[in-house]
Amino acid sequence: MVRHPGPRVITAPRLVATVRRAGLGHFPSRLRGERLTSQLGIALAVAFAVCFGTGLVSHLIQHPPDWFGWPARPVWLYRATQGLHVATGLATVPLLGAKLWSVYPALFRRPPVPDLVTAVERAGVAVLVAAALFELVTGVFNIALWYAPMPFFFPSAHYWTAWLAAGALLAHIGVKLPVVRRSLRRAARPTVVATIAPGLDRRGLLRAVAAASGLITVATVGQTVAVLTPVSVLAPRRPGTGPQGLPVNRTALAAGVTAAVTSSAYRLVVDGPAGRTALTLEQLAGWPQHTSDLPIACVEGWSGTGRWTGVRLRDLVTLVGGDPRRDRVLVESVQVGGRWRAAEVPRPQVADPLTLIALRLRGEPLHPDHGYPARLIAPNLPGVLQTKWVGRITVRGAS
Ligand SMILES: Nc1nc2c(c(=O)[nH]1)N[C@H]1C(S)=C(S)[C@@H](COP(=O)(O)O)O[C@H]1N2
Ligand SMILES: [Mo]
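What counts as what
Residues numbered from 1 in each chain as written. Chains lettered and ligands numbered in written order. Predicted model: local features only at pLDDT ≥ 70, side-chain atom pairs only at ≥ 80, totals over all residues. Heavy atoms only, no water. Phe/Tyr/Trp six-rings, centres within 6.5 Å; stacked < 30°, edge-to-face > 60°. Buried < 20%, exposed > 50% of the residue type's maximum accessible area, 1.4 Å probe, protein only. Lys NZ or Arg CZ within 6 Å of the ring centre and 35° of its normal. Salt bridge = Lys/Arg side-chain N within 4 Å of Asp/Glu carboxyl O. Helix = DSSP H or I, 4+ residues; strand = E, 2+ residues; numbered from the N terminus. Expected span 1.5 Å × (residues − 1). Bend = angle between axes of the 7 residues up to and from the residue. Near = heavy atom within 4 Å. Polar contact = N/O pair within 3.5 Å; in protein donor to acceptor, adjacent residues only side chain to side chain. Areas by Shrake-Rupley, 256 points an atom, 1.4 Å probe, with all protein chains shown as cover. Nonpolar A, V, L, I, M, F, W, Y, C, P; charged D, E, K, R; others polar. Pairing = 2+ DSSP bridges. Axes fitted to C-alpha atoms, helices over the stretch in contact; angles between N-to-C directions.

Describe in detail the packing of aromatic side chains, supporting the description with residues and values.
Under the criterion given, the structure shown has 9 aromatic pairs. For the pair Phe141 and Trp146, a centre-to-centre distance of 4.9 Å together with 75 degrees between the ring planes defines the contact as edge-to-face. Aromatic side chains Tyr159 and Trp160 sit 4.9 Å apart centroid to centroid with 75 degrees between the ring planes, which places their arrangement in the edge-to-face category. A relative accessible area of 16% places Tyr159 in the buried class. Of the aromatic side chains, those joined through ring pairs into one cluster are Phe48, Phe52, Tyr159, Trp160 and Trp163. Looking at Arg32, its charged tip hangs above the ring of Trp101, at a distance of 4.1 Å from the centre.

As structure tokens, then:
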């Protein structure tokens, strides 16, 4: 018969001796242990997997390889995946902090590197920690639109470091799986420390970490979940704020387009297999107008729905002899230079009746910062592909 071990009573001298033997003199917390580290590790692995998967989706939509297709419906899918990406990333901050706290005394173990295998494993952990911190910090900088501390192109650095973190994480899980299994199988053995006033226990710590993650989520997720907007005090961008009730990342002033879009010489040039046409605003407004309720969902995690009215993109494609179901369509801004001045619209979105070259938002002409006089709005696309201040549409036969 297996006897359940009773509570282990540790008297003061014994505790001191144990601590000395373990070389943990400066790290007296009783909370640390394999079980705590394992539980935090599992939570982190789940959060990381969700964050990695949703981030990968966002990357693939923006840089689609041949095998990748992204549907136009449901219209809110990208809003959900990217909201989740940013929310899980932010919720990970306290988890990662607690995990690092739970294991950092190992850095002071003597001898520091007992053997080659341990050395390799530690190097992997160092890569994992550095990559994870890099992802969190750069992600937060990007949400804050603070690019000064990032002397690199954020999306590329964030993307490639994610692969580094994923590889290091898989290796780490491979190494630690037996420890995790062992520590979770064994029933927690209650430890009573006679001389130290009982403070926070392991469960309490886990609850505190969960509460911190929850608090961060509630304080930020209102940037995309409208009902939580009032309590999301840390959300940098919120639906309902900004001109015509939608946030703005790049203003017309910042993009340097004001003169071009207010000029009477403005034309929307549509170029396709059957030739080229240049439409005035009046001509565009004379076309059949359609209305779509669609969100702008930024890679930064914020999103908001607008009621957009304008001309169907597929009608313009047909106008110049293109096939909306097969051709490739490039939508360009009048902007000179700038990262997001042009985007190729994925095929499902080109053909979708909801996809518009929008002229109006909530019944009014577009605000200059929302892309006056015309912008692309399409279902289930990242904001970066929803080109504002559109000046040219190019339709190329499917290659
Ligand atoms: N021409 C142009 N279009 C652009 C951008 C830009 O910098 N230039 N920014 C994009 C980004 S990152 C987002 S999230 C959406 C935001 O649209 P909004 O400002 O109308 O909310 O516009 C997109 N369209
Ligand atoms: Mo964006």
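I'd like a rundown of the pattern of salt bridges, residues and numbers included.
Tallied over the entire structure, the rule returns 8 salt bridges. Among the salt bridges present, the one from Asp271 reaches Arg276, with a minimum N-O distance of 3.2 Å. Classification of Asp271 by relative accessible area gives buried; the value is 17%. Taking the shortest distance from any N to any O, the salt bridge between Arg392 and Asp271 comes out at 3.5 Å. Of this pair, Arg392 sits in strand S12 (residues 390-396) while Asp271 sits in strand S3 (residues 268-272), and the two are 121 residues apart along the sequence. Taken together, the salt bridges that share partners define one network made up of Asp271, Arg276 and Arg392.

Give a detailed account of helix H3 (residues 77-103), specifying residues and quantitative values.
Taking 1.5 Å per residue, 27 residues should reach 39 Å; H3 reaches 38 Å between its end C-alpha atoms and fits that length. The sharpest bend along H3 reaches about 35 degrees and sits at Val93, with the proline Pro94 one to four residues further on.

Explain the site of ligand 1 residue by residue, including any values.
Taken together, 19 residues sit near ligand 1, with Pro247, Gln335, His370, Arg375 and Lys388 positioned nearest. Between a nitrogen atom of ligand 1 and a side-chain N or O atom of Gln335, the distance comes to 2.7 Å. Interatomic distance of 2.5 Å between a side-chain N/O atom of Arg375 and an oxygen atom of ligand 1. Surface burial for ligand 1 is 98%, taken as the share of its 530 Å² of free accessible area covered by protein chains. Taken together, the residues that form the shell around ligand 1 break down as 8 nonpolar, 7 polar and 4 charged.

How would you explain the sheet that holds strand S4 (residues 275-279) if you had to name every residue and give the values?
The 5 strands lie next to each other as S4-S3-S12-S7-S8, forming an open sheet whose pairing is mixed. Edge positions in the open sheet fall to S4 and strand S8 (342-345), since each of these has one partner strand only. On average, each strand axis in the sheet is inclined to that of its neighbour by 15 degrees, with strand direction left out of account. By the bridge criterion, 4 bridges tie strand S7 (residues 328-333) to S8 in an arrangement that is antiparallel. Its bridge partner lying in S8, Glu332 is registered against Ala342.

Provide a residue-level description of the pairing of strand S6 (residues 303-312), including the pertinent values.
One face of the sheet, then the other: side chains in a regular strand alternate in exactly this way. Of all 10 residues that make up S6, 7 are buried, and the element is covered over most of its length. Here strand S5 (residues 290-297) pairs with S6 via 8 bridges, running antiparallel. Residue pairing across strands places Pro295 opposite Thr305, the latter belonging to S6. In this antiparallel pair of consecutive strands, S5 and S6, the connection spans 5 residues, and Gly301 shows a positive phi of 105 degrees. Pairing of S6 with strand S9 (residues 356-361), which is carried by 5 bridges, proceeds in the antiparallel orientation. Residue pairing for S9: Arg312 is matched across the bridge by Leu356.

Residue-level account of unusual backbone geometry, with values.
Cis peptide bonds are those with omega within 30 degrees of zero, and the linkage from Arg110 to Pro111 qualifies with -5 degrees. Here Pro111 is to be found in the loop between H3 and helix H4 (116-143). Along the chain, Tyr372 connects to Pro373 via a cis peptide bond; the corresponding omega equals 5 degrees. Position of Pro373 among the secondary structure elements: in the loop between strand S10 (364-365) and strand S11 (375-377). Of note in this structure, Leu145 is not a glycine but carries a positive phi near 55 degrees. As for its position among the elements, Leu145 is in the loop between H4 and helix H5 (154-185). One non-glycine residue, Trp389, adopts positive backbone phi at about 50 degrees. With respect to the helices and strands, the residue Trp389 is situated in the loop between S11 and S12.

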